[in-house]
Amino acid sequence: MLKCIVLLGPPGAGKGTQAQVVAEKLGSVHISSGDLFREHLRNNSELGQQARSYIDCGELVPDDLTISMVRERLSLEDCQSGALLDGFPRTPAQAEALADVLEDLDGEVSSVPYISVSTEVLIARLSGRWTCKEAGHIYHELHNPPKTAGICDYDGSELYQREDDKVETVKRRIQVYLNQTEPLIEYYRDRGLLVEVEGDQPINEVTESLFMALNASENL
Ligand code: AP5
């Protein structure tokens, strides 16, 4: 059975940072809808061209485009070992679509860790974020710096700052999160799947809390 963990949390909460560690440890596939869109942007695919204007101004890409992209990814063979979803679902319609996709694939959402962080901290985190071009490894200039500035520790590729991490766009992304994604906290709490994780701690302590929450989650 395809078991899916859904990581919930605002922009900059640390979903991507934690997902990279957790997916490796659990042997699951890390699926980030933001990374999938950025790959389409880099390749200038038709989907990339459709998504660009939304991403650049911090709005959500329309549900139909997002859902079909994630459905396609979840249908690939490698997901049978389990999937860790980061950044999807982000609207109630996406959550319903995920449930339908998983039913078709004989899967289920096993746990939904919600990483909470205050808004001031989010802005500081995103303005100091650097990401590797090759594989998306995530750094922070103060909290998690690379050994050599501008170079990824893992693959030696160049680090860059995301276009949508400009302060004005970050503020819009947080607003969009509050309006459109926060309702999913209740959605998954009602289904007995939500586990809360305090995200305002050092990265390794968040990882520990996350594993404790996952281990305590009876559906895992
Ligand atoms: P996406 O790429 O998903 O961005 P996001 O959800 O806004 O999340 P981020 O990647 O910004 O943050 P994160 O929580 O992963 O934090 P990270 O670990 O990097 O989406 C981008 C855009 O794509 C959206 O705006 C939308 O347009 C579109 N999109 C994507 N999915 C969509 C969907 N489902 N529907 C519609 N549109 C969609 O950490 C941030 C920084 O903090 C890093 O520098 C990190 O080193 C640092 N850090 C992490 N944890 C800690 C810690 N504990 N202490 C100190 N620093 C920390």
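Quick note: structure is the one above.
Residues numbered from 1 in each chain as written. Predicted model: local features only at pLDDT ≥ 70, side-chain atom pairs only at ≥ 80, totals over all residues. Heavy atoms only, no water.

1. Quick notes on the pairing of strand E5 (residues 129–132)
Pairing of E5 with strand E6 (residues 138–140) involves 3 bridges; the strand directions are antiparallel. Across the sheet, Trp130 pairs through a bridge with Tyr139, a residue of E6. A loop of 5 residues connects E5 with E6, the two strands running antiparallel in sequence, and Gly136 in this loop sits at a positive phi of about 75°. Bridge analysis of E5 against strand E7 (residues 159–160) gives 2 bridges, and the strand direction is antiparallel. (Pairing = 2+ DSSP bridges. Helix = DSSP H or I, 4+ residues; strand = E, 2+ residues; numbered from the N terminus.)

2. Describing the site of the ligand
Around the ligand, the surrounding shell holds 36 residues, and the nearest of these are Thr17, Glu59, Arg90, Arg129 and Arg173. Here Arg38 contributes a side-chain N or O atom positioned 2.9 Å from an oxygen atom of the ligand. A distance of 3.0 Å separates a nitrogen atom of the ligand from a polar backbone atom of Val61. Contact with the protein chains hides 97% of the accessible area of the ligand, taken as 1,000 Å² for the molecule alone. Mapped onto the shell around the ligand, the elements with two or more residues apiece are helix H1 (15–26), helix H2 (33–43), helix H6 (119–127), E6 and helix H9 (203–216). By residue number, the principal contributor to the shell around the ligand is H2, which donates 4 residues. (Near = heavy atom within 4 Å. Polar contact = N/O pair within 3.5 Å; in protein donor to acceptor, adjacent residues only side chain to side chain. Areas by Shrake-Rupley, 256 points an atom, 1.4 Å probe, with all protein chains shown as cover.)

Remember that the coordinates give geometry; whether it matters functionally is a separate question.
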